[in-house]
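What follows is each chain in one-letter form.
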Amino acid sequence: MSCDSVEQAEVCRLRYGSWLIASVLALSLSACGGGGDSSAVPDGSGTVPVTNPPISPPVTPPVTPPADTPPAEDIPPVADLPEPELEAAPAARTSALPKADAPSLPPPPAGLRIDANFDKTAVSQPVFAVAVRSSGDENDNNTAGKAIDGDLSSRWESAWGEEVPNADNAWLEFDFGAKTALGAMKLYWENAHAKEYALYVSDDAQHWYQLRYILGSEGKTEQFLNLDTYARYLRFQGITRSTAYGYSLFEVEFRTPGSDSSLPVLETSALSYPLSGAGRVPLPAPVQPIESISFTLADGTLVTRFGMVGRSRHARERGEEWNEMGFGLNDTVDAAGQAVDKGPGAHLNFVANYFKNRTWGVEFIDNSNVPGVTEPHIVVNQYFQQAQKGGGHAFVRRFDEPAVTGFGWMSPGDLLDDSTYQDPGAACPVIAKPANGVLLRPDTGYNGVIGANDGCSVVFDRYPGHRALSANADGVLVPNGQSVDSRALRKGDVIEFTSSFFSTREAMDAIGDSGAFRYYTNELTYVMGKGLRPWYGVQPRLMNEPLPDSTLQGGLGSVSYDYADNPTFMFQQPHNTIGMHNIQRFMEGRRWLHTHLWTGEHNEDGNDRNDAGIKLQGPRFNQSSCFNCHVNNGRSVAPVVRNQRLDTMAVRVGATGTDTNGQYLPHPIYGQALQMNGRSVTTGAMQHWGNGAWVADFVSRNVSLADGSQVELRKATVAFEGPEPAVYSVRQAQPLIGMGLLEAISDETILSRVRTTPDADGVLGTANYAYDPETGQVRLGRYGWKAGKVSLRHQVTNAALLDMAVTSSVYPKLDCLAGPQGCDPATAEAGLPEEAVTAMTQYLQLLAVPAQRSVPSGFPKGVAALAYLDVDSAKIAAGEKVFKEIRCVACHVSEIKTSDRSEFDEVRNQTIKPYTDLLLHDMGPELADNFSEGLASGSMWRTPALWGIGYTQFVAGGTPVGYLHDGRARTLTEAILWHGGEAEVIKNRFVQLPTAQREALLAFLNSL
């Protein structure tokens, strides 16, 4: 049929686009996305006449189907073939930042805090203000005194209206007549509450200090505990109203410090670290991987197995429609030719309930390496969790038609039983996934095809015929009147492949799943005789091409280039080569990282609640899910404005510094880390416990570069709601990508770079060691800013305890926060189930690294390139040369080989480019925080991996980002200029670079 008219185009889109894969009956059809000429060369049957399209929207010729195409009446009706629902990519959910021009006062001095010996053993008692005054009342009835009259039906309302110059700035001040010990405060709001406000205290009503700063208040009843202040005056200071009316308080109540409003003093015990690597025991290495992702049969046949997951749309669809110059409207640019961004596509995001019946496995059986085989083929088997329609495959994009842009496929291949495609139901039954290293049907196959499981299998053996292309006057590759015949596949052919989740309502209902039954999936590149390869798009029309090995930062599992404008999801992808079993493990682990560990809710809409994650969290915590700190699996929110609460960062604390044995005592109030937020464990209501840290101010200085450029270096100063700890370390969450690859590096590889004496530039490199919390064995440190964690399991469970107040089998009690003395497994508390710890760990082991963006993409003529794919190869190559010449590679090691120590085949024996040596380096006094962990002194930091660093701002999706351990550096230039100590000489080389070389170096870093 033709796709000329709107009505015909819609039918074509539904019939061919939504089947996507109607291919398998030896069709050579294209989806009609972006227009769609579906004429093609029938497989093996010579040529069909084609004409050179004009430089205008083409008139699409009718499809000429091959002889074995089923009659139209045998094709299920359009109404039975719904397109997958387009699910918008969820936005990062992070807290709003404080008002930029709001005052930030210093915390109360010792004279305004209660004495450490104050008796808090008794239950708190009411405290009454003797007077109250305000900045102004709205009327003579709703006056300041109504806020303390004991009547919840009366209220104070601040002045507002056109005659009030700044109604947001209203305040209410309480006078207790003399300095008074205050432990708790409760606000009863009317609907017109403060969205942002501060609590100040003073001795004299002249000099004020900031006790608390509240952002994002929801009003209602708010309770403040552990105030621990000793002052005469307390002031509510409004910053931002939630409505157009004034602030409206029914009542404000105060209580003394007491057992019900104060934090207990902890029984702490020292955390110990080994003095050296003596007795080091490497992590255990399994003999066989948990799943083999490829293997070779005795005759040389290559078997590749990989996992798929449902996706909403195609890999080349973005928020703007695009067409080749002269072939339709192009929404990627405006009338002036400027790039336009209408939002992302929906390819890399995760469909609702992605962890539930929405993954499957694919098996390629490729005989191109078998001696004597001259016309090889691929047998394709698929392993779904529910019955499917036949024909869920497509090979080779429709590259010979300039009107087919975002998607569209040629579809060669032979479905072994055509009736499974024509059947109105789901004719392909569930087949259990095969065991490692063997085929289900190695000798018999199906209908004479060895290795094929059943009639739903497909054989692909010929590259489809297509129209030859030449550039027209606009430089667009268009059919030139010639054709290229179909031919047998051969070793080395680059094959583009996509699958399709094509079930039915009845099949999904049969397994108790009420969700969607139609999805697209990943688009992959397979090289005959070699296997899967990460890909990028080349001319014509972003056709798949394997990425050069030089770009594969995460080895063969690297994430391919993203043409769907989904960069916020670039750090959330599984390895390109992920196994058919491991894809489900990955998704189940992802679910746990996105689970709110109090409510069990997923932080992306449409996903079933995780009942196993309900009420796992203790009363005080920083965040309730991993994703809230690791924004989109990247960094935490950087400190960028005064009054900003640091609860998406980690603040490690101690009572004293370390001794010669590397031991320190946790803080007697906070334990090992600040846990800044709180809730009632009985009602779930949020409470303010006074454990927070916030940005009090910034200090800065300027650095001059060789070309005269001035760079401001700025860092935050930190204030505490409670007592300031003797030592503390503010640390931002690091990107989660590639952690399994780092764990797969052998100890020996890392230790081979340790130096006992500095090199000519002063670079040393020291290993850190820690005790495995489960075995007590000494292991090499790998994770964390000071390499204090020995494994991903250690990292996951430690972060769960310190940052989210969630226990596990590794840290069985919340008292583990105070040190090992109270960490008794005999009295374990409810926490993460063991299967959750395993799932979260395995997810991180399988989380992939994006490929370096150093090769230009073949965007269609006239189409605006996506910002992060608009690369200058020569500049990047020059920058890499500078990176090596000034010796950044002394610490940021550019290439490492992983070992076979991991249980995951995906990360074994991979050549990777993490740009880290995983060792400690002394970075000088300006980066020191005086907080030690084992052999890592306050100025020593583990070299952070640089892979993915150029995606930082894109992954953050508008959230402020920073670099270095505390997020102080706003740019990569600032980050480099903060380097000192062992990096001082190398940093100075950067300072002296000519402008062009410096910019090339930065271009290189941004390509990573």
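Every value quoted in this text rests on a predicted model; they were computed, and no experiment measured them. (Residues numbered from 1 in each chain as written. Predicted model: local features only at pLDDT ≥ 70, side-chain atom pairs only at ≥ 80, totals over all residues. Heavy atoms only, no water.)

**Structural notes on the overall build of the chain**
Okay, step 1: The secondary structure content of the chain amounts to 14 helices and 41 strands.
Okay, step 2: Radius of gyration (C-alpha) of the chain: 32 Å, near the 30 Å computed for a compact globule of 1008 residues.
Okay, step 3: Principal-axis analysis of the C-alpha atoms gives the chain an extent of 100 × 70 × 65 Å.
Okay, step 4: Across the 1008 residues in the chain, those meeting the buried criterion constitute 60%.
Okay, step 5: Residue pairs in contact within the chain that sit at least 24 positions apart in sequence constitute 74% of those at least 6 positions apart.
Okay, step 6: Entry remark: accessible area of the chain is about 36600 Å², with carbon and sulfur atoms responsible for 51%. (Helix = DSSP H or I, 4+ residues; strand = E, 2+ residues; numbered from the N terminus. Rg over C-alpha atoms; globule rule 2.2 N^0.38 Å. Buried < 20%, exposed > 50% of the residue type's maximum accessible area, 1.4 Å probe, protein only. Contact = heavy atoms within 4.5 Å. Areas by Shrake-Rupley, 256 points an atom, 1.4 Å probe, with all protein chains shown as cover.)

**What about the state of the cysteines?**
Okay, step 1: The tally for this structure, following the rule as stated, stands at 2 disulfides.
Okay, step 2: Residue pairing for Cys-428: its cysteine sulfur links by disulfide to Cys-456, the two sulfurs lying 1.9 Å apart. Handedness of the Cys-428-Cys-456 disulfide follows from its S-S torsion of about -105°: it is left-handed. Separated by 28 residues along the polypeptide, Cys-428 in the loop between α2 (419-422) and β17 (458-460) and Cys-456 in the loop between α2 and β17 bring together distant segments of the chain.
Okay, step 3: For Cys-428, a relative accessible area of 8% translates into the label buried.
Okay, step 4: A relative accessible area of 15% places Cys-456 in the buried class.
Okay, step 5: The disulfide that involves Cys-816 links it to Cys-823, with 1.9 Å between the sulfurs. Taking the sign of the torsion about the S-S bond as the criterion, the disulfide between Cys-816 and Cys-823, at about 80°, is right-handed. (Disulfide = S-S within 2.5 Å.)

**What about the sheet that holds β17?**
Okay, step 1: One open sheet holds the 6 strands; their spatial order is β11-β12-β13-β14-β17-β16, and the pairing between them is antiparallel. The open sheet has two edge strands with one neighbour each: β11 (294-296) and β16 (414-415).
Okay, step 2: Relative to strand β13 (residues 359-366), strand β12 (residues 302-309) is paired through 8 bridges, and the arrangement is antiparallel. Paired with Phe-306 across the bridge in β13 is Val-362.
Okay, step 3: Taken strand by strand, helix α4 (residues 582-593) contacts β12 and β13, and its axis lies near 155° from that of β13. (Pairing = 2+ DSSP bridges. Axes fitted to C-alpha atoms, helices over the stretch in contact; angles between N-to-C directions.)

**Notes on the environment of Tyr-769**
Okay, step 1: When you line up the elements, Tyr-769 lands in strand β36 (residues 769-771).
Okay, step 2: Classification of Tyr-769 as buried rests on a relative accessible area of 10%.
Okay, step 3: With 201 residues separating them along the chain, Tyr-769 and Arg-970 place their C-alpha atoms 31 Å apart.
Okay, step 4: Those residues in contact with Tyr-769 that lie beyond four places of it in its chain are Tyr-273, Pro-274, Ser-276, Gly-277, Arg-280, Leu-751, Val-778, Arg-779, Leu-780, Gly-781 and Leu-935.

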